[in-house]
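Here are the chains, one letter per residue:
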Amino acid sequence: MHLSLSLTAALAFLTSGALATPLEARQQPWKSTVITSHAEPWAFAFLPDQRILLTERRGNLRLVDPTKKTTGTITGVPAVAYGGQGGLHDVALHPDYATNNIIYLSYAESGSGGAGGAVARAKLTLNSSGGGALSEVSVIWRHSQRASGGLQFALRLKFHPVDGSLWIASGEINQMTPSQSMTSNLGKMIRLYDNGTAYASNPFASQGSIQSQIFSLGHRNPLGIDWDAKNRLWEVEMGPMGGDELNLIQEGANYGWPLVSQGRHYDGRTIPAHSTRPDFVPPKAFWVPVISPGGLIIYKGDLFSAWKGNAIIAGLSSQSIVRVTINADDSAKEAQRVSMGKRMRGIREDKDGAIWVIEDGQNGRLMKLTPN
């Protein structure tokens, strides 16, 4: 009797997925240094002097001095629509920031029909008191439609390391069908010049003003983007109930949402799998159950030398940092999941190879991760 119960329990343990997490996850591969704490931090960017611009979702832009562990305020931020998943989102520096002091902010804004995403550029002037101000603020891009509910804006920003183009990971604000519409810029990867005009060589440049912005389509909630060593863009996005994805972005490609997914709708309705539609690009990796990706880097540094070329993902509901190996044929597989005990909102790699992360929610900490 005891043997039978023990065998049953062992089988239940094995089939429950309890051993699915690699054994490496039991070890903390880094030392965590807490820098500052913030109210609902969303994103951050390193300034040339190693201070940090950090966004808080209620609409605050902070200036962090990691050496002193102090926080100042940048004034002049555009009004944001705070609610649901919306508010002040990403911050990025112009490629020539050292000479022009221009930064970019993405955020949710209110308007007719609800809230939609926007991207503004502004000149940043820092002061001697640990703060600063924005001036010459201008909106250079907007979602082509708005909706109520305040969900799935995404709005990650990234500049191309060679041509300086501005990329926007545009969420579909929980509307689903616009991801497949070529007359909507929701659920798309957007490529623009730094002034917000559509990039001339985009794949649909000749088809109309909205179409000319689009580089790829069929995305849901793309919350992380980064370049690999070949200057190719990788992206992580949240699926519905299951089906979070890691994608390699290809010019003009359709990634299938909401027509295909490895997950289900929240009401339990099934969605055809990617395998049923070979005309859509399948993910390089996917997760069921979800990890809820909040941010992504493709690691390029030397501090964690064994991780070079890996995708490192900040996990929200999984409360983890997830490491994914990318092979020579671009296939990808989760290699390690490190429990952080908190929802992880964002991740960046510093020029010295250190990994920086921010936690989600009230009292979310900005932390520097270095090898043990």
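Quick caveat, the model's predicted, so the values are computed rather than measured. (Residues numbered from 1 in each chain as written. Predicted model: local features only at pLDDT ≥ 70, side-chain atom pairs only at ≥ 80, totals over all residues. Heavy atoms only, no water.)

**Student:** When you look at the sheet that holds strand β22 (residues 344-349) in this model, what are you seeing that I'm missing?
**Tutor:** By definition, the strands of a sheet pair up through backbone hydrogen bonds, in either a parallel or an antiparallel sense. Spatially, β1-β24-β23-β22 is the arrangement adopted by the 4 strands of the open sheet, whose pairing is antiparallel. Strands with a single pairing partner mark the edges of an open sheet, and in this sheet they are β1 (30-38) and β22. For this sheet, the mean inter-axis angle between neighbouring strands, taken without regard to orientation, is 20°. When β1 meets strand β24 (residues 364-371), the two strands line up antiparallel, connected through 8 bridges. Across the sheet, the residue bridging to V34 is M367, located in β24. (Pairing = 2+ DSSP bridges. Helix = DSSP H or I, 4+ residues; strand = E, 2+ residues; numbered from the N terminus. Axes fitted to C-alpha atoms, helices over the stretch in contact; angles between N-to-C directions.)

**Student:** Mind showing me how you'd approach the sheet that holds strand β11 (residues 166-170) here?
**Tutor:** As summarised here, the arrangement of the 4 strands in space is β10-β11-β12-β13, forming an open sheet in which the pairing is antiparallel. If you trace the sheet from one side to the other, it starts and ends with β10 (154-159) and β13 (214-217), each paired once. The mean angle between the axes of side-by-side strands here comes to 15°, regardless of whether they run parallel or antiparallel.

**Student:** Can you walk me through the pairing of β10 in this structure?
**Tutor:** Along a regular strand, successive side chains alternate from one face of the sheet to the other. Counted residue by residue, β10 has 6 buried out of 6 residues, so it is predominantly covered. Both faces of β10 are covered, namely the face carrying A154, R156 and K158 and the face carrying L155, L157 and F159. Joining the antiparallel neighbours β10 and β11 is a turn of 6 residues, in which G164 adopts a positive phi near 75°. (Buried < 20%, exposed > 50% of the residue type's maximum accessible area, 1.4 Å probe, protein only.)

**Student:** What is the right way to read the pattern of salt bridges from this model?
**Tutor:** In a structure, side chains of opposite charge can pair up when their charged atoms sit close to one another. Scanning the model with the defined rule gives 19 salt bridges in all. With its nearest N and O atoms 2.9 Å apart, the salt bridge here joins D228 to R232. A relative accessible area of 8% means that D228 is categorised as buried. Since its relative accessible area comes to 24%, R232 is described here as partly exposed. With its nearest N and O atoms 2.7 Å apart, the salt bridge here joins R269 to D267. Note on R269: relative accessible area 47%, which makes it partly exposed. Taken together, the salt bridges that share partners define one network made up of E40, R57 and R58. (Salt bridge = Lys/Arg side-chain N within 4 Å of Asp/Glu carboxyl O.)

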